[in-house]
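Structural characterization, general
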Amino acid sequence: VLDMVLLIWPIVLSRWEINKEYRNAEEAEGNQDVSYSILQWEAKKFQYVYDSWGGDRVTDFLDITVAYSVVACWGCILPTIATLAL
């Protein structure tokens, strides 16, 4: 559950900041259609670097590896553990 929270929280914060900036831009332009480019959106996201809120490749693969090893090691002793792993 904590992994899901740590994955979703940076997305929510990024979206909040983007919406806040979008509303400020609309107010400054007088309610005209303001476009937000993909490059601007990417600049606002959390960075995907080691030990950060945005996640990192090491932690992502480590979570998968640990889950697989638990199922592989305990699966021969208690085969129903695979259903719990889902």
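Residues numbered from 1 in each chain as written. Predicted model: local features only at pLDDT ≥ 70, side-chain atom pairs only at ≥ 80, totals over all residues. Heavy atoms only, no water.

1. Points about the pattern of salt bridges
Overall, the coordinates contain one salt bridge when judged by the stated rule. With a closest N to O distance of 3.5 Å, Lys20 and Glu17 form a salt bridge. Separated by three residues within a single helix, Lys20 and Glu17 lie in helix 1 (residues 2-29), roughly one turn from each other. (Salt bridge = Lys/Arg side-chain N within 4 Å of Asp/Glu carboxyl O. Helix = DSSP H or I, 4+ residues; strand = E, 2+ residues; numbered from the N terminus.)

2. Remarks on helix 1
In this model helix 1 runs 41 Å from its N-terminal to its C-terminal C-alpha over 28 residues, within 8% of the 40 Å that 1.5 Å per residue would give. Looking at helix 1, one finds that the buried residues are Pro10, Ser14 and Ile18. The inward-facing, buried residues of helix 1 abut helix 2 (38-44). Within two residues after helix 1, Gly30 carries a phi angle of roughly 80°, on the positive side. (Expected span 1.5 Å × (residues − 1). Buried < 20%, exposed > 50% of the residue type's maximum accessible area, 1.4 Å probe, protein only. Contact = heavy atoms within 4.5 Å.)

3. Focus on the confidence of the model for the protein chain
Residues at a pLDDT of 70 or more form 91% of the protein chain, whose mean pLDDT is 78. Averaged over each element, pLDDT in the protein chain is lowest for helix 4 (residues 81-85) (73) and highest for helix 3 (residues 57-75) (82). (pLDDT = per-residue confidence, 0-100.)

4. Quick word on the environment of Glu42
Here Glu42 shows up in helix 2. Note on Glu42: relative accessible area 39%, which makes it partly exposed. Distance from Glu42 to Ser14, taken between C-alpha atoms, is 9.6 Å for residues 28 residues apart in sequence.

5. Some words on the environment of Arg23
Positionally, Arg23 belongs in helix 1. Note on Arg23: relative accessible area 42%, which makes it partly exposed. With eleven residues separating them along the chain, Arg23 and Val34 place their C-alpha atoms 9.2 Å apart.

6. Quick look at a nonpolar patch on the surface
Together, Leu2, Met4, Val5, Leu6, Leu7, Ile8, Trp9 and Val12 make up a nonpolar patch on the protein surface, roughly 760 Å² of accessible area in all. Within the secondary structure layout, Met4 lies in helix 1. Residue class for Met4 comes out partly exposed when judged on its relative accessible area of 49%. (Patch = residues over 30% accessible without salt bridge, like charges linked within 9 Å, V, L, I, M, F, W, Y side chains within 5 Å. Areas by Shrake-Rupley, 256 points an atom, 1.4 Å probe, with all protein chains shown as cover.)

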